[in-house]
Amino acid sequence: MAKKVAFLQGNEAAAQGALYAGCTFFGGYPITPSTEVAEVLSIELPKIGGKFIQMEDEIGAMASVIGASLTGAKVLTATSGPGLSLKQELIGYACIAETPVVIVNVMRGGPSTGMPTGPSQSDVMCAKWGTHGDHPAICLVPASVQELFEETVRAFNLAEKYRTPVMVMPDEIVAHMRERIVFPEPGEMEVINRTAPSVSPAEYKPYDTKFGDVPPLAAFGTDYRFHVTGLNKAEDGFPTTKAALVQAEEERQVRKVEANVDDIVTFEEYELADAEVVVVAYGSTSRSARFAVNEARKQGIKAGLFRIKTFWPFPDKQIAAIAGKAKAIITPEMNLGMCTQEVQRCAQGKASVSGIFRVDGEPINPGQILEKIKEVK
Amino acid sequence: MSQRYEIRFSGAGGQGLILAGVIMAEAASIYDGKQAVQSQSYGPEARGGASKSEVIISDTLIDYPKATVVDALLALTQEAADKYSHDLKEGGVLLIDSDLVKKVPAGKFKTVAFPIINTAKNEVGREIVANIVALGAMVALTEVVTKEGAEKAVLARVPEAFVELNKKAFQMGYEKAIAARA
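These numbers come from a predicted model, not from an experiment.

**Student:** Looking at this structure, I do not really get the sheet that holds strand β1 (residues 5–9) of chain A. What am I missing?
**Tutor:** Strands in a sheet are paired, the pairing made by backbone hydrogen bonds, and the direction either parallel or antiparallel. The mixed open sheet is built from 8 strands, whose spatial order is β1(A)-β8(A)-β2(B)-β3(B)-β1(B)-β4(B)-β5(B)-β6(B). Edge positions in the sheet fall to β1 of chain A together with β6 (110–114) of chain B, since each has one partner strand and no second. When the angles between neighbouring strand axes are averaged without regard to direction, this sheet yields 20 degrees. Looking at chain direction, strand β4 (residues 70–75) of chain B and strand β5 (residues 88–97) of chain B are connected through 5 bridges and run parallel. Across the sheet, the residue bridging to Ala72 of chain B is Val93 of chain B, located in β5 of chain B.

If you want it as structure tokens, here you go:
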């Protein structure tokens, strides 16, 4: 049978990806340019017995998904810009309480209300450092409608596998553009569910490291009773200030992601084998970069593209390897240098790093990147 | 066709131009088996303000989703004609509403003009289908999607009760554009 094909908007694809992954709860507060995610799920979730709740604000929305996730549901919220700022305290709560949640954040101009309908990539640092304290961070930056579907499925998988919040962050262009999408059949893409406890309710501890860095998570409301708090906690879930326990717990939480970067980090290499100038780009900007790289190749310039698909954890190793081989790196992005600083950190001066920054609500066009390739070659 | 064909539908917010672009892209992508990307840019206003919807059609993978050099431009308001005609390519085609765009942008492109909104209002019978009249005209002028594919794409988007109205709007736009081009 022919596969189901549709011409979809990015945000619609994110909603469909969530459904494919088994999402049964959405709690949100509509905000441009992410609203279509909520719109689609408000129609589709009730059809499958799921729940859609429009909360009083973004803070309540974030709280609702944490609560729903603890009952065993796979959960999603979607927001943008100021909404992401409002969610930050509770994103930290989800980190420390080790609750799987997926957040779609469509990047628009900022700070504050900024430019609600304009594209941006200026939330990538907020995805890692927006909430205070040391904590794990996973952030995916898709570049097409098909990929927004697939990365939303992967976000659910990572959230469930590592018991942690995962962010999917398309820029406004990827979220609002429409492209052809081929839906995978059920079972074609891997769908991961959290590990359920293998011990009896009496023996169960919600943060039992005997089972490794990612302890099994029971569903609230069943026979398994446990305590959840934003305080540093012991294995039984109750607060503790014991230095050794707190140190070990904090380190374990970060280690869940840091020790598994090879499982989490994804990227695409294009024309890199002999590249002297490498463009490092993500989201819609990477599409401009590919256009520019093709043009540069036509003009005899050895240019290549490293496309970041997973922004956090950052592809440190891969960027370091590129810096060891290429002469120059170019980092176009719709912010004033957020990825550029990370690339500089990884490159350690071994290759020159030149940014192209745009925060005027217009995309970085291929011509701008081509010009820079010629300048640094 | 060449590697990339770029179309821009422009006018004021609320005129249905984003939908016109979506239907054009669906015709190419779903019915004609080509690659297509549709994107848009609009202000925070729900109605009014310059609005544009861009469609890239190609036989191969489309990387940059926005227009670079526009092959065909529709402008339904003077503001849109002034704002969005600067990157229309030499030899390209500009379609304007002759009632609303009095100051025709200068350039080395072919301009086709007819009263698009008036056609919808008085000849088709409903102003609301002006975007479909414009779409029919753009399909005729660009020849980048098949007429059959475009018609199927229009009808797939329309509720049963409005099928005839939209068919008529599409056909009238198609014919008027051919007549105006000659």
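Now that the structure is up, let's keep going.
**Student:** When you look at the environment of Phe183 of chain A in this model, what are you seeing that I'm missing?
**Tutor:** Residues and elements named next belong to chain A. Following the sequence through the fold, Phe183 ends up in the loop between β8 (178–182) and α8 (243–258). Assessed through its relative accessible area of 11%, Phe183 is described here as buried. Separated by 180 residues in the primary sequence, Phe183 and Lys3 place their C-alpha atoms 6.7 Å from one another. With residues up to four places along the chain from it excluded, the contact list for Phe183 reads Lys3, Lys4, Ala6, Leu8, Gln16 and Phe149.

**Student:** Quick question: what am I supposed to make of the interface of chain B and chain A here?
**Tutor:** When the parts of a complex come together, some accessible area is lost, and that lost area is often used as the size of the interface. Across the contact, 22 residues belong to chain B and 21 residues belong to chain A. Where chain B abuts chain A, roughly 1700 Å² becomes buried across the two surfaces, and 61% of that area is made up of carbon and sulfur atoms. Ranking the residues of chain B by area buried against chain A places Tyr42, Asp63 and Tyr64 of chain B at the top, with a combined share of 34%. Seen at the junction of chain B and chain A, the total is 0 salt bridges.

**Student:** Before we go on, may I ask you to explain the pairing of strand β11 (residues 303–308) of chain A in this structure?
**Tutor:** One face of the sheet, then the other: side chains in a regular strand alternate in exactly this way. All names here are of chain A. Burial analysis of β11 places 6 of its 6 residues in the buried class, which makes it a mostly covered element. On β11, burial covers both faces: Ala303, Leu305 and Arg307 on one face and Gly304, Phe306 and Ile308 on the other are all buried. As judged from the 4 bridges shared by strand β9 (residues 267–270) and β11, these two strands associate in the antiparallel manner. When the sheet's bridge partners are listed, Phe267 is paired in β11 with Ile308. Of the strand pairs in this sheet, strand β10 (residues 277–282) and β11 are connected by 6 bridges, and their pairing is parallel. Opposite Val279, over in β11, you have Leu305 as the bridge partner. Tracing the backbone out of β10, into helix α10 (residues 283–298) and back to the parallel element β11 gives a crossover that is right-handed.

**Student:** Sorry, what's going on with the pattern of salt bridges here?
**Tutor:** Opposite charge on two side chains allows them to pair when their charged atoms are near. Under the definition given, this model contains 34 salt bridges over all chains. Here Asp263 of chain A and Lys161 of chain A are joined by a salt bridge, their closest N and O atoms 2.9 Å apart. Pair noted here: Asp263 of chain A is in helix α9 (residues 261–264) and Lys161 of chain A is in helix α6 (residues 145–162), with a separation of 102 residues, a long-range link. When its relative accessible area of 37% is taken as the criterion, Asp263 of chain A is described as partly exposed. A relative accessible area of 35% places Lys161 of chain A in the partly exposed class. For Lys167 of chain B, the salt bridge goes to Glu164 of chain B, with nearest N and O atoms at 3.9 Å. Here Glu164 of chain B and Lys167 of chain B lie together in helix α6 (residues 163–181), a separation of 3 residues that amounts to about one turn. Each of Glu98, Lys233, Glu249, Arg252 and Lys256 of chain A takes part in a single network of salt bridges with overlapping partners.

Rules and cut-offs
- Residues numbered from 1 in each chain as written.
- Chains lettered and ligands numbered in written order.
- Predicted model: local features only at pLDDT ≥ 70, side-chain atom pairs only at ≥ 80, totals over all residues.
- Heavy atoms only, no water.
- Pairing = 2+ DSSP bridges.
- Helix = DSSP H or I, 4+ residues; strand = E, 2+ residues; numbered from the N terminus.
- Axes fitted to C-alpha atoms, helices over the stretch in contact; angles between N-to-C directions.
- Buried < 20%, exposed > 50% of the residue type's maximum accessible area, 1.4 Å probe, protein only.
- Contact = heavy atoms within 4.5 Å.
- Buried area = accessible area lost by both parts, 1.4 Å probe.
- Salt bridge = Lys/Arg side-chain N within 4 Å of Asp/Glu carboxyl O.
- Right-handed = clockwise from strand over helix to strand, strands pointing away.

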